[in-house]
Amino acid sequence: MNKIVIFGGSFDPVHKAHIDMAKETLKLQGVGKVIFVPAYIPAHKTSQFADINDRIAMLKLAVNNIEKTEISFFEAEKQDIVYSYQTLDYFKSLYPDNEILMLIGSDSLKDLPTWKNIEYLASQYKFIVAKRPGSVIEKGTKFLDRCIFPDIPAKDISSTLIRKLLKENDEQVKELLDGNVYDYIKARGLYK
C-alpha cells in the first residue's frame with residue numbers, strides 16, 4: 001500500500017522550507033507522492049496576501065520539476081473554507097487503497113486540538129510532523145500517538161518572514177525562495 005501525503009497550506013508564498021519538507025517526505029518508506037493543496041481561505045488564518053491564482057502559479061513554478069508531486073485545486077475550486085478532514089476524506093475517496101497522511105510543521109501540532117472535527121480527523125488519519133527550529137514538542141501534547149516524527153530537517157523560514165523581507169526589499173529573501181518564484185513575485189509586484 002502506497003502512502004499519499006497531503007501537504008495543505010496557504011503557500012503565501014511557497015518557499016524553500018515547503019519544498020524541502022516535501023522532498024524529504026518523499027524519501028520516507030512507502031511514500032508514493034506528495035500532493036500540495038493550496039487553501040482558498042485558510043481555516044486558521046485571518047487573511048491572505050496574494051490572490052489564489054498567484055499562489056497557485058508560484059506553487060507550480062516551485063514544484064514543476066519535482067517527481068512524485070502534484071498540485072490539487074480541490075480547496076481552491078471551492079472558493080470557501082475547506083477543513084482538513086474534508087480534504088483528507090476527498091483524497092481517501094480518490095485513493096481508497098492507499099494510506100492518506102497529512103504533512104504539517106511542528107508549529108501546527110499545538111494547534112491540532114482547535115481544528116474542525118479533529119477527533120474524527122485524528123482517528124482516521126496520521127500526521128507526518130516536520131520539526132521546525134525552535135518549536136518544542138511537549139510530552140502531553142494531544143494526538144502525539146497519531147504523529148510520525150521523521151528526521152526531516154526544517155529550515156527556519158516562514159511565509160511571514162518572506163513577506164517582511166520582500167516589503168523591506170531585503171536581498172537575502174532570494175536565498176529563501178525558488179528563483180522562478182522570486183522572479184514571479186517581483187514581476188507581479190506582490191507583497192509590497
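Up top is the structure.
In short, a report on the structure. Being a predicted model, the structure only gives us computed values, none of them experimental.

What counts and how
- Residues numbered from 1 in each chain as written.
- Predicted model: local features only at pLDDT ≥ 70, side-chain atom pairs only at ≥ 80, totals over all residues.
- Heavy atoms only, no water.
- Helix = DSSP H or I, 4+ residues; strand = E, 2+ residues; numbered from the N terminus.
- Polar contact = N/O pair within 3.5 Å; in protein donor to acceptor, adjacent residues only side chain to side chain.
- Pairing = 2+ DSSP bridges.
- Contact = heavy atoms within 4.5 Å.
- Axes fitted to C-alpha atoms, helices over the stretch in contact; angles between N-to-C directions.
- Buried < 20%, exposed > 50% of the residue type's maximum accessible area, 1.4 Å probe, protein only.
- Arc of directions from axis to C-beta.
- Salt bridge = Lys/Arg side-chain N within 4 Å of Asp/Glu carboxyl O.
- Parallel < 35°, antiparallel > 145°, perpendicular 65-115°, else oblique.
- Left-handed = near helix turned anticlockwise from the far one by under 90°.
- Nonpolar A, V, L, I, M, F, W, Y, C, P; charged D, E, K, R; others polar.
- Expected span 1.5 Å × (residues − 1).

1. Some details on the side chain of Asn98
Then comes step 1: The topology assignment puts Asn98 in the loop between helix H4 (84-94) and strand E4 (99-105).
Then comes step 2: Within the structure, the side chain of Asn98 is placed 3.2 Å from the backbone oxygen of Asn2, a separation counted as a polar contact.

2. A short note on unusual backbone geometry
Then comes step 1: Omega for the peptide link from Asp12 to Pro13 comes to 5 degrees, which places this bond in the cis form.
Then comes step 2: With respect to the helices, strands and loops of the structure, Pro13 is situated in the loop between strand E1 (3-9) and helix H1 (16-26).
Then comes step 3: The phi torsion at Tyr191 lies on the positive side, around 65 degrees, for a residue other than glycine.
Then comes step 4: Note that Tyr191 resides in the segment after helix H8 (179-188).

3. A few points about the sheet that holds E4
Then comes step 1: On the basis of which strands lie adjacent, the open sheet formed by six strands has the order E3-E2-E1-E4-E5-E6 and parallel pairing. With partners counted over all chains shown, the strands left at the sheet margins are strand E3 (69-71) and strand E6 (147-148), one partner each.
Then comes step 2: In the sheet, E4 pairs with strand E5 (residues 126-130) via five bridges, with the strands oriented parallel. Bridge pairing in E5 places Gly105 opposite Ala130.
Then comes step 3: H1 contacts E1, strand E2 (31-38), E3, E4 and E5 of the sheet and is inclined by roughly 155 degrees relative to E2.
Then comes step 4: Most of the contacts of H4 go to E4, to which it runs at about 145 degrees, and overall it touches E1, E2 and E4.

4. Here we look at H8
Then comes step 1: Within H8 the residues assigned to the buried category are Val181, Tyr182, Tyr184 and Ile185. Down the axis of H8, the smallest arc covering the buried residues is 160 degrees, so these residues share one side.
Then comes step 2: The N-cap of H8, judged by a side-chain oxygen 2.8 Å from the amide nitrogen of Asn180 a few residues on, is Asp178.

5. Some thoughts on the pattern of salt bridges
Then comes step 1: All chains considered together, the criterion is met by six salt bridges.
Then comes step 2: The residue Lys164 makes a salt bridge to Glu168 at a minimum N-O spacing of 3.1 Å.
Then comes step 3: On the basis of relative accessible area, Lys164 is assigned to the partly exposed category, the value being 47%.
Then comes step 4: Overall, the relative accessible area of 46% leaves Glu168 in the partly exposed class.

6. A few points about the packing of helix H2 (residues 52-63) against H8
Then comes step 1: For the pair H2 and H8, interaxial distance at closest approach is 8 Å and the crossing angle is 150 degrees. Between H2 and H8, the angle falls in the class roughly antiparallel. Here H2 and H8 pass one another in a crossing that is right-handed. Contact residues: Asp54, Ala57, Met58, Leu61 and Ala62 in H2; Asn180, Val181, Tyr184, Ile185 and Arg188 in H8.
Then comes step 2: Tallied by class, the residues present in the contact of H2 with H8 amount to seven nonpolar, one polar and two charged.

7. A short note on H2
Then comes step 1: Over its twelve residues, H2 extends 16 Å from the first C-alpha to the last, a length consistent with the 16 Å expected when each residue adds 1.5 Å.
Then comes step 2: Looking at H2, one finds that the buried residues are Ile52, Asp54, Arg55, Ile56, Met58, Leu59, Ala62 and Val63.
Then comes step 3: Among the structural elements, H1, E2, E3, helix H3 (74-78) and H8 are those in contact with the buried residues of H2.
Then comes step 4: Capping the start of H2, Asp51 holds a side-chain oxygen 2.8 Å from the backbone nitrogen of Asn53, two or three residues further along.

8. Digging into the environment of Ile52
Then comes step 1: Looking at where Ile52 falls in the secondary structure, it is placed in helix H2.
Then comes step 2: Classification of Ile52 by relative accessible area gives buried; the value is 9%.
Then comes step 3: Residues within four places of Ile52 in sequence aside, it is in contact with Pro38, Ala39, Tyr40 and Ala76.

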